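Residues per chain, in single letters:
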Amino acid sequence: MSDEADRESDAASETVLLGVIEIVEAKRLRNALADTGVQLELISNPETCKSGGGCVATVEVYARTQDVERFKTFLEAERARIMVGLGPNAIHSNEVFDDEKEKAVCPACGTEFSTKATECPDCGLGFGTPDSDSANCT
């Protein structure tokens, strides 16, 4: 084997610490990424383990240097999938809470609810009116 091949082999075997996470999540990530060719190594380290007192054990997660970008891409895609639909909804942003009407539509999530409520029953957005003391500050 040539020196160049040895250097390439050494570079391929170098690993990078990605973080310390709960073992269940680490195993889930390792299994999800196995089909993509990204190999994660899970190492239990007593110095970084946060187990005890009913706490879930954690592990250090390592990846090969050449797999780090693919790992980041995987996490970004997972984050995007989870966050779909959680942003502001422009359709409902013009809704106004009018306590003189019987029903209102939440401008944050679009849930219709009684104006007798002081917050949206779905997302918790508050619709209380300022009390007289704070409204009359001088």
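Above this text you will find the structure in question.
What comes next is a walk through the structure. (Residues numbered from 1 in each chain as written. Predicted model: local features only at pLDDT ≥ 70, side-chain atom pairs only at ≥ 80, totals over all residues. Heavy atoms only, no water.)

The next thing to look at is the overall build of the chain. Helix and strand counts for the chain stand at four helices and five strands. In sequence order, the secondary structure elements of the chain are arranged as α-β-α-β-β-α-β-β-α. Residues counted as buried form 17% of the 138 residues belonging to the chain. Summed over all atoms, the accessible surface of the chain reaches about 10100 Å², with 51% contributed by carbon and sulfur. (Helix = DSSP H or I, 4+ residues; strand = E, 2+ residues; numbered from the N terminus. Buried < 20%, exposed > 50% of the residue type's maximum accessible area, 1.4 Å probe, protein only. Areas by Shrake-Rupley, 256 points an atom, 1.4 Å probe, with all protein chains shown as cover.)

The next thing to look at is the packing of aromatic side chains. Taken as a whole and assessed by the stated rule, the structure comprises one aromatic pair. Centre to centre, the rings of F113 and F127 are 5.4 Å apart; their planes meet at 35°, and the pair counts as tilted. Of this pair, F113 sits in strand β5 (residues 112-114) while F127 sits in the loop between β5 and α4 (132-135), and the two are 14 residues apart along the sequence. The two residues F113 and F127 agree in class, both being buried. (Phe/Tyr/Trp six-rings, centres within 6.5 Å; stacked < 30°, edge-to-face > 60°.)

Turning next to the pairing of strand β3 (residues 58-64). Burial within β3 is extensive, with six of its seven residues counted as buried. For strand β1 (residues 15-22) and β3, the ladder comprises seven bridges, and the chain directions are antiparallel. Its bridge partner being in β3, E22 is matched across the sheet by T58. Of the pairings in the sheet, the one linking strand β2 (residues 40-43) to β3 comprises four bridges and is antiparallel in character. Bridge pairing in β3 places L40 opposite A63. (Pairing = 2+ DSSP bridges.)

All right, on to the sheet that holds β1 then. Taken together, three strands build an open sheet; the order of strands is β1-β3-β2 and the sheet is antiparallel. Each edge of the open sheet is held by one strand with a lone partner, namely β1 and β2. For this sheet, the mean angle separating the axes of adjacent strands, direction not counted, is 30°. With respect to the sheet, helix α2 (residues 23-34) is in contact with β1, β2 and β3, its orientation differing from that of β1 by roughly 130°. (Axes fitted to C-alpha atoms, helices over the stretch in contact; angles between N-to-C directions. Contact = heavy atoms within 4.5 Å.)

Turning our attention to the pattern of salt bridges. Within the structure shown, the criterion is met by four salt bridges. Two residues, R28 and E25, come together in a salt bridge whose shortest N-O distance is 2.7 Å. Of the two residues, R28 and E25 are both situated in helix α2; the distance of three residues between them amounts to about one turn of the helix. The class for R28 is partly exposed, based on a relative accessible area of 33%. Across the pair E78 and R28 runs a salt bridge whose closest N-O atoms are separated by 2.8 Å. Residue E78 is found in helix α3 (residues 68-83), and its partner R28 is found in helix α2; the two are separated by 50 residues along the sequence. Taken together, the salt bridges that share partners define one network made up of E25, R28 and E78. (Salt bridge = Lys/Arg side-chain N within 4 Å of Asp/Glu carboxyl O.)

Every α-helix carries 3.6 residues per turn, so stepping three or four residues along brings you back to the same face. In this model α2 runs 16 Å from its N-terminal to its C-terminal C-alpha over twelve residues, within 8% of the 16 Å that 1.5 Å per residue would give. For α2, the full list of buried residues reads A26, L29 and L33. Buried positions in α2, seen along its axis, are confined to an arc of 65° and lie on one side of it. The exposed residues of α2 that point more than 90 degrees off its buried face are V24 and N31. (Expected span 1.5 Å × (residues − 1). Arc of directions from axis to C-beta.)

Nothing here speaks to function; it is all geometry.
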